[in-house]
Amino acid sequence: MRASLAGNQFMVMEELISDFQKRHPDIKTVFVETIPPGQILKGQLLKQGSIEGQKIAMNPDLYASVNLGHLKKLKAKWRMDKYMIYTHNKLELMVAKGNPKGIKSPEDLGRDDLVQSHPNPLTEGIFKFYGAQMLRDLGLYEKVTGNAKCKGCWAVPGKTWFTQRHHRETPQRIEEGKADVGIVWTTEITHAKATGRNIDGVPISAPYNQQDKVGYAIGTLKDGRNHNNAETFLAYLASAPAQGIYAKYGFVNATEDELNLKPIP
């Protein structure tokens, strides 16, 4: 079975897939890639693509994204017709351990003394759809981003850096003293602290944290090669053990209704 999932679930995968295979020992092989879902959709599912120069099959059994619009594009190509929301996440500010800059809220992103590291707006949905909206709601979008649309670049010279591929680059920049703060998912802070990294988090209050909007949508691909296994995995995601594993890593459980498969609108 092969699954292409939003990159911000990387910390969950080892325990989740291990538990899944213990419950379904007949499924011997599971390949999971966790990179920004927009890159998966555009670079792999909708055209031939590769990972580090190696060509891979463009018909995974499952695809998940934090943007339902990605699944709608697959529906338009007659490649997917049903989906479910299986977990939620929310935005948080990542800072150095001990919060040496005394950052208290997202309003502090308007301060002139901070160097920021944020996901790029071209390929990372966390910023394109959620972080950018938060900044607009706060009236800080232009100041923080300079209205730049780039990746691996200074959006505002010396002040705001946009990551190249994934927001998991931000903790390294903070630990190396190259940045003071970055917009990430709460789950990334939970993972960083659990693994002993010199990182802390500053919670963002609702509705700015986008917690009511960030739903992870997943569906099976019609041209996948292991459809039965994919259906088994969807049923597993909706189970109490799988939901418990996600919650352990800081995710917010989906509701009973969300865990039911529905037609993609």
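What comes next concerns the included structure.

Right, let's get into the overall build of the chain. For the chain, the count of helices and strands is nine helices and 15 strands. Taking 265 residues into account, the globule formula puts the C-alpha radius of gyration at 18 Å, and the chain, at 18 Å, falls close to it. The buried share of the chain, taken over its 265 residues, is 53%. Taking the contacts inside the chain whose residues are at least 6 apart along the sequence as the reference set, 76% of them involve residues at least 24 apart. Between the averaged position of the 35 positive side-chain charges in the chain and that of its 28 negative side-chain charges there is a distance of 5 Å.

This next bit is on the packing of aromatic side chains. According to the stated counting rule, one finds 11 aromatic pairs in the structure shown. Between the aromatic rings of phenylalanine 20 and phenylalanine 233, the centroid separation amounts to 5.0 Å while the plane-to-plane angle is 90 degrees, which identifies the pairing as edge-to-face. Within this pair, whereas phenylalanine 20 is found in helix H1 (residues 13-23), its partner phenylalanine 233 is found in helix H8 (residues 227-237), the two being separated by 213 residues in sequence. Under the relative-accessibility criterion, phenylalanine 233 is labelled buried at 2%. For the pair tyrosine 246 and phenylalanine 251, a centre-to-centre distance of 5.1 Å together with 85 degrees between the ring planes defines the contact as edge-to-face. Clustering of aromatic rings is evident, with ring pairs tying together Tyr86, Tyr216, Tyr246 and Phe251. When the ring centre of tyrosine 141 is taken as reference, the NZ or CZ atom of arginine 136 above it lies at 4.2 Å. Of note, arginine 173 hangs over the ring of tryptophan 154, and the distance from its end group to the ring centre comes to 6.0 Å.

The subject of this paragraph is the packing of H1 against H8. Across the interface, H1 lies against H8 with an axial gap of 11 Å and an inter-helix angle of 115 degrees. Judged by the inter-axis angle, H1 sits roughly perpendicular to H8. H1 and H8 meet at a crossing whose hand is right-handed. Contact residues: H1 offers Leu16, Ile17, Asp19, Phe20 and Arg23, while H8 offers Asn229, Thr232, Phe233, Tyr236 and Leu237. Of the residues that constitute the contact of H1 with H8, the class distribution is six nonpolar, two polar and two charged.

Calculation criteria
- Residues numbered from 1 in each chain as written.
- Predicted model: local features only at pLDDT ≥ 70, side-chain atom pairs only at ≥ 80, totals over all residues.
- Heavy atoms only, no water.
- Helix = DSSP H or I, 4+ residues; strand = E, 2+ residues; numbered from the N terminus.
- Rg over C-alpha atoms; globule rule 2.2 N^0.38 Å.
- Buried < 20%, exposed > 50% of the residue type's maximum accessible area, 1.4 Å probe, protein only.
- Contact = heavy atoms within 4.5 Å.
- Lys, Arg positive; Asp, Glu negative; His and termini not counted.
- Charge placed at Lys NZ, Arg CZ, Asp CG, Glu CD.
- Phe/Tyr/Trp six-rings, centres within 6.5 Å; stacked < 30°, edge-to-face > 60°.
- Lys NZ or Arg CZ within 6 Å of the ring centre and 35° of its normal.
- Axes fitted to C-alpha atoms, helices over the stretch in contact; angles between N-to-C directions.
- Parallel < 35°, antiparallel > 145°, perpendicular 65-115°, else oblique.
- Left-handed = near helix turned anticlockwise from the far one by under 90°.
- Nonpolar A, V, L, I, M, F, W, Y, C, P; charged D, E, K, R; others polar.

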